[in-house]
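In case you want the letters, here they are:
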Amino acid sequence: RGGPPTILPCRRTSNHPSLPRLLHPFNGLRRLEYRGYDSAGISIDGISVDVQSPIVFRQESSIESLVKSVHQGMVTVCMNFVCFDGFDCLSNEVSEDQLGWISEDWMRVGDDVGVGGGGSGEGEGTVWTALAHIITGVIGSGVLSLAWSMAQLGWIGGPLCLLLFAFFTLVSAYFISDVHIYSNPNNGNTTMNRSYLQAVHTILGYKNGLVCGCLVYFSVFKTAVVYTITSSISMRAIRQSNCYHEEGHEAACEFSETYYMLMFGMVQILASQIPNIFQTKWLSIIASIMSFTYSFIGMGLGLAQIKVLVKYEIAAKGKVEGSISGISTANPTQKVWLVAQALGDIAFSYTFSLILLEIQSTLKSPPSQKVTMKRASTIAVFTTTIFYLCCGGFGYAAFGDSTPGNLLTGFGFYEPYWLVDFGNACIVLHLVGGY
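The structure presented is a predicted model; accordingly, all values stated were derived computationally and were not measured.

S.K.: Honestly, the overall build of the chain in this entry has me stumped. Any pointers?
M.R.: Tallying secondary structure elements over the chain gives 14 helices and four strands in all. The 435 residues of the chain split such that 45% are buried. Carbon and sulfur atoms form 62% of the exposed surface of the chain, whose accessible area is close to 21900 Å².

S.K.: Got a minute to help me understand the nonpolar core in this structure?
M.R.: The nonpolar side chains of a soluble globular protein tend to be buried with one another. The biggest cluster of nonpolar side chains holds 55 residues, and the ones touching the most others in it are Ile 134, Val 143, Leu 162, Ile 346, Phe 352, Leu 356 and Tyr 388. No other element matches the 10 residues that helix α5 (residues 146-178) contributes to this core. Membership of the second largest hydrophobic core comes to nine residues, among which are Ala 40, Ile 42, Ile 55 and Phe 57.

S.K.: How should the pattern of salt bridges be read in this particular structure?
M.R.: The tally for this structure, following the rule as stated, stands at three salt bridges. Between Asp 178 and Lys 370 there is a salt bridge, and its shortest N-O distance comes to 4.0 Å. With a gap of 192 residues between them, Asp 178 in helix α5 and Lys 370 in helix α13 (residues 369-399) connect regions that are remote in the sequence. For Asp 178, a relative accessible area of 34% gives the class partly exposed. Looking at Lys 370, the relative accessible area reads 26%, which means it is partly exposed. A salt bridge links Asp 178 to Lys 374, with the shortest nitrogen-to-oxygen separation between them at 2.9 Å. Of this pair, Asp 178 sits in helix α5 while Lys 374 sits in helix α13, and the two are 196 residues apart along the sequence.

S.K.: Can you walk me through the packing of helix α7 (residues 206-247) against helix α8 (residues 258-271) in this structure?
M.R.: What describes two packed helices is the angle between their axes and the distance between those same axes. Running from N to C, α7 and α8 cross one another at 120°; their axes reach a closest spacing of 8 Å. When the axes of α7 and α8 are compared, the pair comes out oblique. Crossing of α7 over α8 shows right-handed handedness. Residues Tyr 227, Thr 228, Ile 229, Ser 231, Ser 232, Met 235, Arg 236 and Arg 239 of α7 lie in contact with α8, whose contacting residues are Tyr 260, Met 261, Met 263 and Phe 264. Class assignment of the residues belonging to the contact of α7 with α8 gives a composition of seven nonpolar, three polar and two charged.

S.K.: So what exactly am I meant to see when it comes to the environment of Asp 421 here?
M.R.: Mapping Asp 421 onto the fold places it in helix α14 (residues 417-434). When the C-alpha positions of Asp 421 and Ile 238 are compared, they lie 5.0 Å apart, and in sequence the two are 183 residues distant. Not counting residues up to four positions away in its chain, the partners in contact with Asp 421 are Ala 237, Ile 238, Ser 241 and Asn 242. Separated by 3.1 Å, the side chains of Asp 421 and Ser 241 make a polar contact.

S.K.: Can you walk me through a nonpolar patch on the surface in this structure?
M.R.: A cluster of nonpolar side chains, namely Leu 160, Leu 164, Phe 167 and Phe 168, defines an oily patch on the protein surface of about 420 Å² accessible area. Relative to the helices and strands, Phe 167 is located in helix α5.

S.K.: Whenever I open this one, the UniProt feature "transmembrane region" (unreviewed entry) in the chain confuses me. Can you help?
M.R.: Per the UniProt record, the feature "transmembrane region" (unreviewed entry) sits at residues 127-148, 160-183, 203-229, 282-304, 336-357 and 378-399. As annotated, residues 203-229 comprises 96% helix and 0% strand, and the C-alpha atoms at either end are separated by 36 Å. Segment residues 336-357 splits into 82% helix and 0% strand. End C-alpha atoms: 35 Å apart.

S.K.: What am I meant to see in helix α12 (residues 353-361) here?
M.R.: Residues spaced three or four apart along an α-helix point in a common direction, a consequence of the helix completing one turn every 3.6 residues. By the burial criterion, the buried members of α12 are Leu 356, Leu 357, Ile 359, Gln 360 and Ser 361. Among the structural elements, α4 (127-138), α5, α6 (196-204) and α13 are those in contact with the buried residues of α12.

S.K.: Would you take a moment to explain the state of the cysteines for this structure?
M.R.: Joining two cysteines, a disulfide is a covalent bond between their sulfur atoms. Scanning the model with the defined rule gives zero disulfides in all. In this model Cys 212 remains outside any disulfide bridge; the closest cysteine sulfur is found in Cys 214, 9.1 Å from its own.

S.K.: Sorry, what's going on with the pairing of strand β1 (residues 39-44) here?
M.R.: Successive side chains on a regular strand alternate, one facing one side of the sheet and the next facing the other. Of the two faces of β1, the one lined by Ala 40, Ile 42 and Ile 44 is fully buried and the one lined by Ser 39, Gly 41 and Ser 43 carries no buried residue. Bridge analysis of β1 against strand β2 (residues 55-60) gives six bridges, and the strand direction is antiparallel. Directly across from Ile 44, in β2, lies its bridge partner Ile 55.

S.K.: Please clarify how the packing of aromatic side chains should be interpreted in this entry.
M.R.: The geometry of an aromatic ring pair is captured by the separation of the ring centres together with the interplanar angle, meaning the angle of the planes. For the coordinates displayed, the defined rule picks out six aromatic pairs. Summarising the aromatic geometry, the rings of Tyr 350 and Tyr 388 are spaced 5.1 Å apart at their centres and angled 75° between planes, so their arrangement reads as edge-to-face. Residue Tyr 350 is found in the loop between α11 (332-348) and α12, and its partner Tyr 388 is found in helix α13; the two are separated by 38 residues along the sequence. Judged by relative accessible area, Tyr 388 falls into the buried class, the value being 0%. Of the aromatic side chains, those joined through ring pairs into one cluster are Phe 292, Phe 296 and Phe 387.

Rules used in this analysis
Residues numbered from 1 in each chain as written. Predicted model: local features only at pLDDT ≥ 70, side-chain atom pairs only at ≥ 80, totals over all residues. Heavy atoms only, no water. Helix = DSSP H or I, 4+ residues; strand = E, 2+ residues; numbered from the N terminus. Buried < 20%, exposed > 50% of the residue type's maximum accessible area, 1.4 Å probe, protein only. Areas by Shrake-Rupley, 256 points an atom, 1.4 Å probe, with all protein chains shown as cover. Core = buried A, V, L, I, M, F, W, Y, C linked by side-chain atoms within 4.5 Å. Salt bridge = Lys/Arg side-chain N within 4 Å of Asp/Glu carboxyl O. Axes fitted to C-alpha atoms, helices over the stretch in contact; angles between N-to-C directions. Parallel < 35°, antiparallel > 145°, perpendicular 65-115°, else oblique. Left-handed = near helix turned anticlockwise from the far one by under 90°. Contact = heavy atoms within 4.5 Å. Nonpolar A, V, L, I, M, F, W, Y, C, P; charged D, E, K, R; others polar. Polar contact = N/O pair within 3.5 Å; in protein donor to acceptor, adjacent residues only side chain to side chain. Patch = residues over 30% accessible without salt bridge, like charges linked within 9 Å, V, L, I, M, F, W, Y side chains within 5 Å. UniProt positions renumbered as here; feature names shortened; annotations may be inferred. Disulfide = S-S within 2.5 Å. Pairing = 2+ DSSP bridges. Phe/Tyr/Trp six-rings, centres within 6.5 Å; stacked < 30°, edge-to-face > 60°.

Structural data, given as structure tokens:
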């Protein structure tokens, strides 16, 4: 408007133009957008000998409208002729995965120029980095409290509930990964949803997004409080463990948690300077290693206690600790409350829905991000379920009705004290990354 059209050449670097290279002319147009556009267009040549060239896209309003129009048009062309870098020209034969790769690559370009919710460009993650992120978010110190949950539910209800929650967690993960890239059937716009809340806004609308936003932020706040308290308890437990070792198990080793909460908060102020989840790969890997470490320690100590029972007590009792119905209570109301609390602990120990789409955004393609995310989710849920069954089962078999709320901080074990200290230190390091 107000002058001749701006010509922005795009240098050809291969036989066919690739979608990411269209980023340069779009960025050029955006730099000039301050002049004001009533319309904009772009012409793409050299697509294929089978496709009539050039293909021209015109769109009124902003550059973002043009970007969306080109995206839709190029995916339509790809349905018949895929001629971008890394693909052969296949007439009328394009797999769903190939279309997924093209769509994901293009949406990353759209994100960089202001379409699809913003981001930091193409991800480089693999199924293993995704697995590290999931494990960091899923296997928390709650794994050490599953023995208590198992004690409330018994030998049948406990394992059955773990398996049911694992199944529903995996199903929900599959559903959420499918909406990472969402095409609106009403207006044809395609959006890459980089967060759970953005997906709700995109699919269900603004009002539902507000309601969901309140629940999401409450859940994040609740999780942050739990992580802060748990980390302070673990730090205090290290000091208590040394005190019990030096002064005896009956000593009054009570210490305040306040200073430990402040220490954890100061560490999180520093850790929160990490820009986004794209930059947390190594933090997640370290945190996931820590979670496996203290899980193994909990299982090992529980198994050692079972060996002691086998040697000294089972011969006399004729059975291991625990029962089919779990811990007995004085009245039914108390039993219902304890069972509900146990179910809540199990549910909390599985969920990673709120961070699934962020993790999926870090993945590279091909293969399709959706395929990689589903594979990582399957491995993660299967692995965590095995750990949960072992930790819960070993702890319950070792302590029965006396199972503590946490195998390490509840001092079900006093010795070896250095191993208890190391396990609690691993919990703190994991929660730094999990937070």
